[in-house]
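Coordinates in review
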Amino acid sequence: MKIAVLVKQVPGAESPLPIHSNQKWVDEDAVAYVMNESDNYALEEALQIKEANSEGEVVVISLGPDRIQKVIREALAKGADRAIHIQIDTVGAIDPLATASHFADALKEENFDLIFSGLQSDDFGMAQTGVIIGEMLGMATASLVMAIETGGGKIKVKRELEAGWFQWVSLSLPASLTIQSGLNTPRYPSLKGIMGAKKKEIKVVTPNPVEANQSLEKIYVPHSDKQTVMIEGSVDQMVEKLIHTFRNDIKVL
Amino acid sequence: MDALFFTDEHTMLVNMVRDFADNEITPIAAELDEVESFPRALVNQMAELGLMGIPIPEELGGAGMDTVAYAAAVMELGCADASVAITMAAHTSLGTSPIVIAGTDKQKKKFVPPLASGEMIGAFGLTEPEAGSDAGATKTRAVKKGNEYVVNGGKIFITNAGEAGILNLTSRIIDDGEDLGIGAFIVPTNTRGLKLGPKEKKMGWRASDTRQIFFEDMVIPAENMLGTPGKGFKTFLETLTGGRISVAALSVGTALGAYERALKYATERKAFGMEIHEFQAVGNKLADMATEIEAAKLLTFHAAWMKDQGKNIIKEAAMAKLFASEMAMKTTTEAIQILGGYGYVKEYDVERYFRDAKILEIGEGTSEIQRLIISKNIIKTVKGL
């Protein structure tokens, strides 16, 4: 089984997030980055499938500037066999269609049996990349996957639905799955893995330009302004003033 | 500072150990301390990750990393739980490294791999009621009989004693009635005649297993002798600086654990309408703590780095150990002061760091002994000896 795992480097939950002076994104120099949480579970699931079958390959793929090699190395230290780094400046890039087509380009010649991605990224939370890739590469696709059973050239996955409901779905291979956090216990990288990671291949590819349909215009901390106005007088006076306020100040009428 | 000493691998190691400590150790540290329970499950997990043989060469089953990596890992573990950190540190720097440094090829191949993998825990027996830093006063005697030695005597304050599979012990060596001086043996702890005392009840490091060990007509094959007895062996003990780097690193970790809790508290607790760090009396304490932790970290990593360069670090290891341990005592004391009454109750976990700090000024040579070593070494440079 040849499995691709998409990992994203995102700001850690406890990282400072100062906005960059250009207001296009946060100041990346001040951010403490980590591997996206659900991607970590996706990687663990891929490694466990490979270990259970005692054969196969786990290839980790990530998109972004040089700094993302930190999470690539972490994935290699945990046991991924090799990596592909799609090198691109991601500041202000928030178009899942563009992101997915970069990945699809890098993935299509590799003929993976399975493509795993985290359910969603902890920074933008679009939850679309894995699903769009499945569509672009003509693969069976399932999202919100909580368990995977492999065998006989097919897979069965358990999907999380609303209100505590689950659904088991059979899919033919190849397939693209987006993985929900919590389906396994991600491992720590061993010292052997850490020392061995630098010997593993990281193929750096430059993507073909893709026109983005959406981009970040400006980010800012919302200005909160709370004002309390007490309206006094008789009921008629209060209603009159309230309507006046709705119509002229708040402009909702 | 990290950039000065750390490679990418060091950074990955530190991140891994920190994650491991946050998820697996910190949640149970207070309980381990309370019930004085040896962290066997944690040690097994650490063994799987390769943390029980960090600076041991790969061909002997270790991770093949350097002293900087080892010190960084001890620091991170110590930040969560000093007992777990000292278990790993004593196992590595005292239980395993002496065999790597002084053992024959045969001894290394036989004894080091199970220690480096963490399958077996190691310990070191040097201290006696009247001998510690003064190793020359050792009373334990090994008398040669044919191809064996018969050992009688005892050791005190032995870290990991009750859990160890291998004990490196020092002894007087008597051959044909002649006292050859101090030597050492590698002893499997299931050897007949080796007896363990009860677990010591301690002020700190309570989850670490510390005991007396007695030797009663314990027979050791001569091939288990480590190094050559006599003057050279004393030099070997002096160059066994790994233990001091361990305690220096553990001191930085212990101080950091207390400091981080004090820092958090100082930004949450309000008095007279201000967060308490805004009072200079508290803010200055935090500034001093942060500065001194940084200084101790630099001394520790510098000594570790020098060791990795193959340099003589007797003075530097003593300086790092002295400064870092006294800094840890001071920092944990001030951390309690910042938390006030909460610092004194167990729930806030700062008093544990305070209790764990005191031994740092004692173990691996007291502060007084470190000053003696340092002064001797600086006088040497003036006298041109």
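Here the residue index of a chain counts from 1 through its sequence in written order. Chain A is the first chain written and ligand 1 is the first ligand written, with later ones labelled in order. pLDDT decides what is reported in this predicted model: residues at 70 or higher carry local features, side-chain atom pairs at 80 or more are listed and counted, and totals for whole chains, interfaces and linings draw on all residues regardless. For side-chain calculations, the full set of non-hydrogen atoms in the structure is used, while hydrogens and water are omitted.

1. Some details on the overall build of chain A
Across its full length, chain A holds six helices and 11 strands. With the C-alpha coordinates of chain A rotated into their principal frame, the extents come out at 80 × 45 × 35 Å. Buried, partly exposed and exposed residues are distinguished by accessible area as a fraction of the type maximum, computed with a 1.4 Å probe on protein chains only: under 20%, between the cut-offs, and over 50%, respectively. Relative to its 253 residues, chain A shows a buried fraction of 40%. Excluding contacts between residues fewer than 6 apart, the proportion of contacts in chain A whose partners are at least 24 apart in sequence is 69%. To be clear on the numbers: accessible area is Shrake-Rupley with a 1.4 Å probe, and residue cover counts the displayed protein chains and nothing else. Carbon and sulfur atoms make up 51% of the accessible area of chain A, which totals about 13,900 Å². Across chain A, 25 positive and 34 negative side-chain charges occur, with their mean positions spaced 5 Å apart. Strands here mean DSSP runs of E at least two residues long; helices mean DSSP runs of H or I at least four residues long; both are numbered from the N terminus. The contact definition used throughout considers only heavy atoms, calling two residues in contact when any of these lie within 4.5 Å. As used throughout, the charge tally considers Lys and Arg to be positive and Asp and Glu to be negative, leaving His and the chain termini uncounted. Here the site of a charge means NZ on Lys, CZ on Arg, CG on Asp, or CD on Glu.

2. Some points on the interface of chain A and chain B
Taken together, the contact pairs 11 residues of chain A with 17 residues of chain B. Approximately 1,200 Å² of surface area, both sides summed, lies buried where chain A meets chain B, with 73% of it carried by carbon and sulfur atoms. Think of a salt bridge as a Lys or Arg side-chain nitrogen and an Asp or Glu carboxyl oxygen that are within 4 Å of each other. At the junction of chain A and chain B, the tally comes to one salt bridge. Two residues, E9 of chain B and K198 of chain A, come together in a salt bridge whose shortest N-O distance is 3.8 Å. Secondary-structure elements contributing two or more residues to the side of chain A that touches chain B are helix 2 (69-78) and helix 5 (191-197) of chain A. Per-element accounting of the side of chain A that touches chain B gives the leading share, four residues, to helix 2 of chain A. Gly counts as polar in this scheme, as do all residues outside two lists: the nonpolar Ala, Val, Leu, Ile, Met, Phe, Trp, Tyr, Cys and Pro, and the charged Asp, Glu, Lys and Arg. When its residues are assigned to classes, the side of chain A that touches chain B shows six nonpolar, one polar and four charged. Buried area: the sum, over both parts, of the accessible surface (1.4 Å probe) that disappears when the two are put together.

3. Considerations on unusual backbone geometry
Note on backbone geometry: most residues besides glycine have negative phi, and most peptide bonds are trans. L173 of chain A connects to P174 of chain A through a cis peptide bond whose omega is -5°. Along the chain, P174 of chain A falls in the loop between strand 9 (166-172) and strand 10 (175-179). Even without a glycine there, the phi angle at L144 of chain A is positive, about 55°. Among the secondary structure elements, L144 of chain A is positioned in strand 7 (residues 140-151). For L144 of chain A, a relative accessible area of 23% puts it in the partly exposed group. Despite not being glycine, F157 of chain B shows a phi value in the positive range, around 55°.

4. A few points about the pattern of salt bridges
Pairing between side chains of opposite charge can happen when their charged atoms approach one another. Under the definition given, this model contains 32 salt bridges over all chains. E110 of chain A is the partner of R82 of chain A in a salt bridge, and the nearest nitrogen-oxygen pair spans 2.8 Å. With a gap of 28 residues between them, R82 of chain A in strand 5 (residues 82-87) and E110 of chain A in the loop between helix 3 (96-108) and strand 6 (114-118) connect regions that are remote in the sequence. R82 of chain A sits in the buried class, given a relative accessible area of 15%. By relative accessible area, which is 11% here, E110 of chain A ends up buried. For D209 of chain B, the salt bridge goes to R211 of chain B, with nearest N and O atoms at 2.8 Å. With relative accessibility at 1%, the residue D209 of chain B sits in the buried group. With a relative accessible area of 17%, R211 of chain B lands in the buried category. One connected set of salt bridges, linked through shared partners, spans D33, E36, K201, R206, E351 and R355 of chain B.

5. Regarding the pairing of strand 10 of chain A
All names here are of chain A. The buried fraction of strand 10 is high, at five of five residues. Going residue by residue along strand 10, you find A175, L177 and I179 tucked away on one face and S176 and T178 tucked away on the opposite face as well. When strand 6 meets strand 10, the two strands line up parallel, connected through five bridges. Of the residues in strand 10, the one forming a bridge with S117 is T178. Pairs of strands are assigned from DSSP output, requiring at least two bridges between the strands.

6. A closer look at the sheet that holds strand 1 (residues 2-6) of chain A
Residues and elements named next belong to chain A. Pairing is mixed across the open sheet formed by nine strands, whose spatial order is 9-8-7-10-6-1-4-5-11. In the strand order of this sheet, the two ends are held by strand 9 and strand 11 (202-205), each with one partner. With direction set aside, neighbouring strand axes in the sheet form an average angle of 30°. In this sheet, strand 5 lies alongside strand 4 (residues 57-64) in parallel orientation, the contact comprising six bridges. Within strand 5, the position partnered with V60 by the bridge is A83. The convention used is that axes are lines fitted to C-alpha atoms, helices contributing only their stretch in contact, and that angles between N-to-C directions extend from 0 to 180 degrees. Strands in contact with helix 2 are strand 4, strand 5 and strand 11; relative to strand 5, the strand with the most contacts, it is inclined by about 165°. In the packing of helix 3 onto the sheet, contacts are made with strand 1, strand 4, strand 5 and strand 6, and the angle to strand 4 comes to roughly 140°.

7. Quick look at the domain arrangement of chain B
All names here are of chain B. How far each domain reaches was decided by an automatic or database domain assignment. Assigned domains within chain B: domain 1 (2-121), domain 2 (123-233) and domain 3 (237-383). Averaged C-alpha coordinates put domain 1 and domain 2 at centres separated by 23 Å. Residue-level contacts link 28 residues of domain 1 with 25 residues of domain 2. Buried area between domain 1 and domain 2, both sides added, is near 2,200 Å², and the carbon and sulfur share of it is 57%. Where domain 1 packs against domain 2, one counts five salt bridges. For the side of domain 1 that touches domain 2, the elements supplying multiple residues, two or more each, are helix 2 (8-35), helix 5 (82-102) and helix 6 (105-116). Along the lines of polarity and charge, the residues of the side of domain 1 that touches domain 2 split into 14 nonpolar, eight polar and six charged.

8. So, the environment of A357 of chain B
With respect to the helices, strands and loops of the structure, A357 of chain B is situated in helix 12 (residues 350-358). For A357 of chain B, a relative accessible area of 0% translates into the label buried.

9. A look at helix 1 (residues 37-53) of chain A
Between its first and last C-alpha atoms helix 1 of chain A spans 25 Å; for 17 residues at 1.5 Å apiece the expected length is 24 Å, and the two agree. Every buried residue belonging to helix 1 of chain A is among S38, D39, N40, Y41, A42, L43, E44, E45, A46, L47 and I49 of chain A, and all of these are buried. Here the expected span of a helix is defined as 1.5 Å times the quantity of residues minus one.

10. Points about the nonpolar core
Side-chain atoms within 4.5 Å link the members of a nonpolar core, which is a set of buried Ala, Val, Leu, Ile, Met, Phe, Trp, Tyr and Cys residues. Grouped together as the largest cluster of nonpolar side chains are 120 residues, with contacts concentrated most on F116 and L177 of chain A together with L13 of chain B. Residue contributions to this core peak at 13 residues, all from helix 8 (residues 242-268) of chain B. Both of domain 1 (2-121) and domain 3 (237-383) of chain B provide at least three residues apiece to this core. When residues no more than four places from it in sequence are discounted, the contact partners of L177 of chain A are L114, I115, F116, S117, A142, V145, I148, I155, V157 and L171 of chain A. Membership of the second largest hydrophobic core comes to 22 residues, among which are L60, V112, A116 and A184 of chain B.

11. What to know about a negative patch on the surface
Each patch is built from residues lacking any salt bridge and having more than 30% relative accessible area; the joining distance is 9 Å for like charges and 5 Å for nonpolar side chains (Val, Leu, Ile, Met, Phe, Trp, Tyr). Residues E14 of chain A together with D19, D22 and E260 of chain B make up a contiguous surface patch of negative charge. Mapped onto the elements, D22 of chain B comes out in helix 2. Look at D22 of chain B and you get partly exposed, because its relative accessible area is 46%.

12. With respect to the packing of helix 8 of chain B against helix 10 (residues 314-339) of chain B
Residues and elements named next belong to chain B. Taken N-terminus to C-terminus, the directions of helix 8 and helix 10 make an angle of 20°; their axes are 8 Å apart at the nearest point. Between helix 8 and helix 10, the angle falls in the class roughly parallel. Seen along the crossing, helix 8 lies across helix 10 with a hand that is left-handed. Partitioned by chemical class, the residues of the contact of helix 8 with helix 10 number 19 nonpolar, five polar and three charged. If an angle is under 35 degrees, it is roughly parallel; if it is over 145, roughly antiparallel; if it lies from 65 to 115, roughly perpendicular; otherwise it is oblique. Note on convention: the crossing is left-handed when the near helix lies turned anticlockwise from the far helix by less than a right angle, right-handed when the turn is clockwise.

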